[in-house]
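# Coordinate inspection notes
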Amino acid sequence: MSVSITFLGGASTVTGSKYLVRQGAQTLLVDCGLFQGYKQLRLRNWTPLPVAPHQIDAVVLTHAHLDHSGYLPLLAREGYGGHVHATRGTRDLCAILLPDSGHIQEEDAAFANRHGFSKHAPALPLYTRKDALACLKQIKAHDFSRTFEPIPGWHATFFRAGHILGAASLLLEVAGRRILFSGDLGRTDDFIMNPPDRAPAADTVLIESTYGDRTHPQEDVLAELGPALHRLAGRGGVAVVPVFAVGRAQELLHAIDQLKQRGEVPKNLPVFLDSPMAIHTTHLFEHYMDEHRLDAKQVRALTHCATMINTPDESKALARRHGPMVILAASGMATGGRVLHHLALYAGDHRNMIVLTGFQSPGTRGATLASGAPSVRIHGRDVSVGAEIVQLQSASAHADAPQLEAWLRSLPSPPGQVYVVHGEISAADALRQRVEHGLGWRALVPEHGATWPA
Ligand SMILES: [Zn+2]
């Protein structure tokens with residue numbers, strides 16, 4: 001019986017990754033992501049899947065980012081009772097990220113109710129922190145390169161994808177077909193993570209295309225951040241750095257530590273990491289020494305080069321300090337989290353600095369700041385922006401187009417079909433052309449909801 005893939009997310013968009021693989025009556029879901037960004041996309045999270053959750057036989061996650069894992073609490077609450085297969089790193093990161101996601105959903109619903117802008121009264125969260133904690137029990141952890149059977153007769157193997165701790169590409173073997181899911185691929189020249197493994201042989205490949213139309217600049221994060229922090233220290237200002245708790249926060253901490261050691265930034269410049277999730281993730285780096293480039297001393301430096309801020313009271317107390325200082329806080333695109341309080345406080349003063357790291361999705365406060373807007377709306381009021389805006393172009397956890405192509409070229413032989421996924425339409429189509437014309441392989445960009453042979 002033939003094998004098919006239905007693209008339930010991550011098709012012609014970056015978020016919501018969900019690939020339903022079917023063979024006869026058996027069904028396996030690869031990734032279980034939330035749609036994020038524009039409202040039109042987020043509304044898809046509320047539409048039931050075309051398959052009843054209890055009819056899915058197994059779920060496999062490539063990594064813990066919410067656009068790959070964040071729908072899991074809902075899938076489990078709506079009736080999925082089977083295992084969720086993942087690497088050990090992904091299991092540990094899901095235990096940090098999913099309960100927080102539930103908490104945010106609850107806060108959003110409460111906010112909508114307070115301000116009465118929900119069509120439904122009362123507005124309900126997509127899922128709760130409790131739902132998220134419950135689904136964690138279903139995660140079954142596996143080692144890289146060790147084949148397991150998620151469904152009797154189906155074989156699955158994780159390969160290292162770089163990107164973030166635990167991130168994997170997945171080879172699925174069923175009914176004589178070898179299907180390779182790239183997952184999110186890291187950079188070969190990543191500042192802290194190891195490069196992805198070579199791709200194994202496959203008949204069909206799904207490849208991500210976040211930067212399918214882009215080549216990363218040669219400059220590294222040290223060359224961009226060093227002069228900026230030197231300027232900041234000289235004028236006694238405060239740098240607010242919105243960061244993602246997983247990956248980006250650690251990359252920035254390592255960069256600051258290196259700059260201090262080289263003497264390019266004053267050793268006594270105070271640095272604060274104001275994100276409990278980022279603090280937990282930083283400690284996880286000690287447990288997965290073979291996934292990143294840092295040695296034991298450098299990992300210890302991550303936790304020592306900044307003062308860790310755990311409680312909301314400690315966070316508020318930062319406001320009584322004077323510059324110079326650097327505050328790293330989530331979220332990375334300033335869509336929520338503790339960084340908003342710091343931005344509201346410090347964005348106005350021209351001695352201060354806002355350091356944006358990596359891609360800022362259209363519609364987010366991060367994108368507004370990046371565009372040079374004179375003000376930004378925070379907690380219902382307009383905050384004027386006088387601070388210097390610095391954008392770190394080099395900070396990205398994704399392979400660029402040449403690196404994506406190089407990963408495909410590492411396949412031992414050409415696959416019969418490539419599906420280009422996980423990219424905005426222009427990026428996905430640019431990579432499709434690269435695969436078709438550069439490699440001479442069959443490639444297409446699937447539409448949302450489409451079903452194709454595997
Ligand atoms: Zn990712």
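Residues numbered from 1 in each chain as written. Predicted model: local features only at pLDDT ≥ 70, side-chain atom pairs only at ≥ 80, totals over all residues. Heavy atoms only, no water.

So, about the overall build of the protein chain. Counting its regular elements, the protein chain contains 14 helices and 21 strands. Compactness check: the protein chain gives a C-alpha radius of gyration of 22 Å against a globular reference of 22 Å for 454 residues, within 12% of the reference. The C-alpha extent of the protein chain, read off along each of the three principal axes, is 70 × 50 × 35 Å. Intrachain contacts of the protein chain at a sequence separation of at least 6 include 73% that bridge at least 24 residues. By element, 52% of the accessible surface of the protein chain is carried by carbon and sulfur atoms, the whole surface being about 18,800 Å². (Helix = DSSP H or I, 4+ residues; strand = E, 2+ residues; numbered from the N terminus. Rg over C-alpha atoms; globule rule 2.2 N^0.38 Å. Contact = heavy atoms within 4.5 Å. Areas by Shrake-Rupley, 256 points an atom, 1.4 Å probe, with all protein chains shown as cover.)

Glancing now at the coordination of the zinc ion. Around a metal, the ideal angle is 109.5 degrees if four donors adopt a tetrahedral arrangement and 90 or 180 degrees if six donors adopt an octahedral arrangement. Taken together, His-63 (NE2), His-65 (ND1), His-163 (NE2) and Asp-184 (OD) make up the protein donors of the zinc ion, found 2.2 to 2.3 Å from the metal. For the zinc ion, the four donor atoms in the first shell make angles of 91 to 163 degrees at the metal, so the coordination geometry reads as irregular. Mapping the donors of the zinc ion onto the primary sequence yields the spacing H-x1-H-x97-H-x20-D. Since its relative accessible area comes to 0%, His-63 is described here as buried. (Donors = N, O, S within 2.8 Å, 3.2 Å for Na, K, Ca; no water. Tetrahedral: all angles 85-135°; square planar, octahedral: opposite > 155°, others 65-115°. Buried < 20%, exposed > 50% of the residue type's maximum accessible area, 1.4 Å probe, protein only.)

Read across the sheet, six strands follow the order S13-S12-S14-S11-S15-S18 without closing on themselves; strand pairing throughout is parallel. If you trace the sheet from one side to the other, it starts and ends with strand S13 (307–308) and strand S18 (388–392), each paired once. Packed onto the sheet, helix H7 (residues 248–262) meets strand S11 (238–242), strand S12 (271–274), strand S14 (325–329), strand S15 (353–357) and S18 and runs at close to 160 degrees relative to S14. (Pairing = 2+ DSSP bridges. Axes fitted to C-alpha atoms, helices over the stretch in contact; angles between N-to-C directions.)

Bringing the sheet that holds strand S3 (residues 26–30) into the picture now. With mixed pairing, the seven strands of this open sheet are ordered in space as S6-S5-S4-S3-S2-S1-S21. Edge positions in the sheet fall to strand S6 (139–142) and strand S21 (451–453), since each of these pairs with one other strand and no more. Direction aside, neighbouring strands of the sheet carry axes that sit 25 degrees apart on average. The sheet contacts of helix H4 (residues 88–115) involve strand S5 (84–87) and S6, and relative to S5 the element is tilted by about 110 degrees.

This next bit is on empty space enclosed by the protein. According to the stated counting rule, one finds three cavities of 30 Å³ or more in the structure shown. Taken as a whole, the largest cavity encloses approximately 80 Å³ of empty space. Lining the largest cavity are 13 residues; nearest its centre among them are Tyr-19, Asp-31, Ser-182, Gly-183 and Val-421. For the lining of the largest cavity, a count of residues per class yields four nonpolar, six polar and three charged. (1 Å grid on protein atoms, 1.4 Å probe; cavity = no way out; pocket = protein on both sides within 12 Å on 5 of 7 lines; lining within 4 Å. Points joined across faces, edges and corners; volume = space filled by probe spheres on them. Nonpolar A, V, L, I, M, F, W, Y, C, P; charged D, E, K, R; others polar.)

Another point: the pattern of salt bridges. Scanning all chains against the criterion turns up 19 salt bridges. Its salt-bridge partner being Asp-143, residue Arg-88 comes within 2.8 Å of it at the nearest N-O pair. Of the two residues, Arg-88 is situated in helix H4 and Asp-143 in the loop between S6 and strand S7 (155–160); the sequence distance between them amounts to 55 residues. In this structure, Arg-377 and Asp-382 form a salt bridge, with 3.2 Å as the shortest nitrogen-oxygen distance. Overall, Asp-382 belongs to the partly exposed group, its relative accessible area being 49%. (Salt bridge = Lys/Arg side-chain N within 4 Å of Asp/Glu carboxyl O.)

With that settled, the discussion passes to the layout of surface pockets. Empty space within the second largest pocket amounts to approximately 210 Å³. A breakdown of the residues in the lining of the second largest pocket according to their chemical character gives 12 nonpolar, one polar and two charged.

Here the structure, examined in full by the defined rule, presents five aromatic pairs. Ring plane angle 40 degrees and centroid distance 5.5 Å describe the contact between Phe-148 and Phe-158, whose orientation is recorded as tilted. One end of the pair, Phe-148, is in the loop between S6 and S7; the other, Phe-158, is in strand S7, with 10 residues separating them in the sequence. Taken together, the ring pairs connect Phe-7, Tyr-19, Phe-181, Tyr-419 and Trp-452 into an aromatic cluster. Positioned above the aromatic ring of Tyr-71, the side-chain terminus of Lys-18 is 4.7 Å from the ring centre. (Phe/Tyr/Trp six-rings, centres within 6.5 Å; stacked < 30°, edge-to-face > 60°. Lys NZ or Arg CZ within 6 Å of the ring centre and 35° of its normal.)

When two helices pack together, their arrangement is captured by the angle between the axes and the distance separating the axes. In the contact formed by H7 and helix H8 (residues 276–284), the axes pass within 9 Å of each other and the chain directions differ by 70 degrees. Relative to H8, H7 is oriented roughly perpendicular. In contact with Ala-249, Gln-250 and Leu-253 of H7, H8 contributes Ala-278, Thr-281 and Thr-282. Class assignment for the residues of the contact of H7 with H8 results in three nonpolar, three polar and no charged. (Parallel < 35°, antiparallel > 145°, perpendicular 65-115°, else oblique.)

The two faces of a sheet get side chains in turn, since along a regular strand they alternate between them. With five of five residues buried, strand S10 (residues 204–208) is to be regarded as a mostly interior element. Examined bridge by bridge, strand S9 (residues 177–181) and S10 share three bridges and lie parallel to one another. Paired with Leu-180 across the two strands is Val-205, which belongs to S10. Sheet topology note: the S10/strand S19 (residues 417–421) ladder contains five bridges and is parallel. Directly across from Ile-207, in S19, lies its bridge partner Val-420.

Coordinates in, geometry out; function isn't part of it.
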